[in-house]
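So you can see what is in the structure, the chains are spelled out below.
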Number of protein chains: 2
Amino acid sequence: MASTEPSWDFYRTFLTVLEHGSLSAAARELGLTQPTVGRHIDALEQSVGAELFTRSQQGLLPTDAALVLKPYAETLASTTAALLRAASGSRDKVSGTVRISASEVIGTEVLPSILATLQARYPDLVVELSPSDTVEDLLQREADIAVRMVAPAQEALLARHIATINLGLYAHRSYVERHGKPETIEDLRRRHKMIGFDRQTAYIRTMLKRYPMLDGVSFSFRSDHSTALHNALRAGIGIGFYQTPLARRDASLVRVLPEIELSIETWIVMHENLKTSPRCRVTFDALVAGLLDYIKGNDTEERS
Amino acid sequence: MASTEPSWDFYRTFLTVLEHGSLSAAARELGLTQPTVGRHIDALEQSVGAELFTRSQQGLLPTDAALVLKPYAETLASTTAALLRAASGSRDKVSGTVRISASEVIGTEVLPSILATLQARYPDLVVELSPSDTVEDLLQREADIAVRMVAPAQEALLARHIATINLGLYAHRSYVERHGKPETIEDLRRRHKMIGFDRQTAYIRTMLKRYPMLDGVSFSFRSDHSTALHNALRAGIGIGFYQTPLARRDASLVRVLPEIELSIETWIVMHENLKTSPRCRVTFDALVAGLLDYIKGNDTEERS
DNA sequence: TTGATGCCATACATTTATGTATACCATCTG
DNA sequence: CAGATGGTATACATAAATGTATGGCATCAA
């Protein structure tokens with residue numbers, strides 16, 4: 001059918017239209033004009049032999065075919081971005097951009113200070129931090145370095161196991177003053193307010209496997225946004241899990257039921273090809289050093 | 001520096017030049033002209049801020065920077081190819097192209113007959129078979145479906161464990177007539193000719209772990225090309241490992257030292273996103289059925 | 001309703017990218 | 001050495017992609 005392969009630029013245009021929902025918006029984003037974007041889409045539809053958008057009321061609606069192609073286009077976009085990062089910066093200088101993926105908690109609470117000292121040392125280093133609890137794929141180059149909570153199963157990845165971060169149940173002082181501390185798990189279940197996750201994350205499954213008696217605990221505050229959860233905890237809404245090293249920084253947090261303890265593994269992972277890149281190398285090393293420092297607060301934690 | 005992102009087409013041009021070693025050859029491949037290709041490279045060098053090729057005698061030599069970027073460009077190429085495969089064929093019909101990766105032995109000896117019946121049933125199905133012992137990455141979309149000898153470690157992959165394929169030592173009848181059968185491993189080591197792999201493959205390491213006494217066996221015929229190895233075996237050059245189900249098909253092959261037996265796991269793996277694609281679905285199912293059928297010859301094998 | 005806004009489609013102008021032709025330089029071969 | 005082959009670089013012509021301008025059609029708010 002399509003004898004000639006479409007221009008790769010069409011994929012970029014296609015993805016932008018998909019993300020912005022209109023030809024005009026995509027054109028603005030790309031620095032093109034609306035007719036050009038329309039022509040790109042037309043040409044791509046011609047090439048793949050399928051309608052990609054239904055041109056109807058309420059703007060452009062992506063067809064099923066478009067949604068099938070979307071992840072491929074996203075891979076293309078992340079790969080080109082990674083290529084440009086890889087190209088930037090000279091070979092022996094620490095400069096250019098490095099993109100880091102980490103969980104929300106680590107990314108927002110722990111990494112900034114680590115990265116601050118790193119950037120003070122290397123002023124030409126640009127850091128892109130993506131704190132997200134959806135795992136970004138290093139093989140697909142969505143990030144250069146990732147702080148992970150699971151052991152990396154993929155080959156071609158350079159992984160460094162950092163440590164085990166402990167989590168315990170904490171409440172804010174104001175909450176304890178009003179409701180007291182739970183003394184037993186049964187007490188916790190019946191008389192106290194819990195703060196927890198919305199979805200069934202791997203993290204929750206681990207918790208339930210270790211403490212089956214916690215199953216069925218009713219959460220009175222749920223969110224998938226870690227920062228929101230922690231702010232709820234600090235605001236005295238209820239009792240929730242918190243990373244032990246983090247809790248030590250905040251004197252107003254009180255540990256409850258210290259016999260309950262979870263632990264999550266922490267890994268720093270990087271694509272093997274990047275170990276020759278100075279900026280990735282120093283960032284990797286800085287993350288290792290910084291996180292090792294961070295988890296030091298783990299074991300010296302006084303219990304309740 | 002480079003305020004504007006380069007055209008994605010430049011990456012395609014860049015990769016083609018890298019693969020073909022000259023502007024002119026790349027131009028022929030792409031259906032462009034040599035000046036255009038040269039301009040693309042110039043523009044890309046401008047964008048990434050690095051020389052990509054040293055324009056000297058003996059053609060274009062890729063710089064270090066170019067080699068760093070190469071894997072990214074390869075990912076782009078395989079992704080666009082996968083995108084086009086995904087786009088081809090209507091949603092409920094079994095048509096379009098499916099790309100299968102398999103080991104050389106399985107790909108050349110076993111799959112063709114399986115795929116023949118599949119294609120007889122679905123005439124519009126186009127199969128691309130890539131028999132290669134280098135593992136192609138499904139996450140990077142180098143193939144749609146893979147027949148693997150290792151358990152898939154990656155998530156987002158739909159994997160089906162087929163069976164354990166046994167390997168034994170075989171020789172051609174003509175070899176046995178001339179040299180006799182080895183009766184002991186020591187005999188094999190000292191008095192017989194072995195056929196084996198050139199590189200240290202995972203396969204060899206497995207073998208040595210199981211039969212350490214085989215270490216130091218001298219191979220009188222080496223190749224990394226499985227078909228060449230098997231033809232050497234059939235030509236009576238020496239003794240080598242062969243898949244038991246395959247050997248049963250050829251009455252002229254004789255098993256020697258039947259107490260030596262290796263086994264390799266077999267998996268069929270597909271990217272999870274593809275399970276809604278009819279052509280991938282039926283191909284996956286056909287491979288499962290066909291390989292299950294193939295390994296049936298495993299255990300009923302008569303010994304020596 | 002009316003005007004404002006935002007979107008897509010079309011016709012036309014123009015810039016930009018590409019192709020053609022050619023010169024020049026290597027290497028290999030007889 | 002001469003000629004053939006295969007490569008890159010440059011100047012110029014051309015084709016192709018892009019931009020501009022405009023019209024039509026929705027939705028939303030006054």
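Reading the values: the criteria
- Residues numbered from 1 in each chain as written.
- Chains lettered and ligands numbered in written order.
- Predicted model: local features only at pLDDT ≥ 70, side-chain atom pairs only at ≥ 80, totals over all residues.
- Heavy atoms only, no water.
- Near = heavy atom within 4 Å.
- Polar contact = N/O pair within 3.5 Å; in protein donor to acceptor, adjacent residues only side chain to side chain.
- Helix = DSSP H or I, 4+ residues; strand = E, 2+ residues; numbered from the N terminus.
- Nonpolar A, V, L, I, M, F, W, Y, C, P; charged D, E, K, R; others polar.
- Contact = heavy atoms within 4.5 Å.
- Buried area = accessible area lost by both parts, 1.4 Å probe.
- Salt bridge = Lys/Arg side-chain N within 4 Å of Asp/Glu carboxyl O.

Brief notes about the protein's contact with DNA strand D
- Around DNA strand D, a shell composed of 15 residues is seen, among which T36(A), H40(A), L23(B), S24(B) and Q34(B) lie nearest.
- Considering DNA strand D, the proportion of its atoms within 4 Å of the protein that are sugar or phosphate atoms stands at 62%.
- Within the contact set of DNA strand D, a base nitrogen lies 3.1 Å away from a side-chain nitrogen or oxygen of R39(A).
- Listing elements by their share of the surface near DNA strand D, those giving two or more residues are helix 3 (34–48) of chain A together with helix 2 (23–30) and helix 3 (34–48) of chain B.
- Here the surface near DNA strand D is built from residues that sort into 5 nonpolar, 7 polar and 3 charged.

Topic: the interface of chain A and chain B
- With 34 residues of chain A at the interface, the matching set in chain B holds 34 residues.
- Between chain A and chain B the total buried area reaches about 3,600 Å² when both faces are included, carbon and sulfur atoms providing 67% of it.
- Among the residues of chain A in contact with chain B, W8(A), Y72(A) and L83(A) are the three that bury the most area, contributing 24% of the side total.
- Taken together, the connections running from chain A to chain B amount to 2 salt bridges.
- R12(B) is the partner of E5(A) in a salt bridge, and the nearest nitrogen-oxygen pair spans 3.2 Å.
- Of all the elements in the fold, those that place two or more residues in the side of chain A that touches chain B are helix 1 (8–20) and helix 4 (64–87) of chain A.
- The biggest single contributor to the side of chain A that touches chain B is helix 4 of chain A, with 17 residues.

Re the protein's contact with DNA strand C
- Neighbouring DNA strand C are 15 residues, the closest being L23(A), S24(A), Q34(A), T33(B) and T36(B).
- Taking all atoms of DNA strand C within 4 Å of the protein, the share assigned to sugar and phosphate is 61%.
- Note that a phosphate oxygen of DNA strand C is positioned 3.0 Å from one of the side-chain N or O atoms of T33(B).
- Counting only elements with at least two residues in the surface near DNA strand C, the list comes to helix 2 (23–30) and helix 3 of chain A together with helix 3 of chain B.
- If you tally residues by element for the surface near DNA strand C, the top one is helix 3 of chain B, at 4 residues.
- When its residues are assigned to classes, the surface near DNA strand C shows 5 nonpolar, 7 polar and 3 charged.

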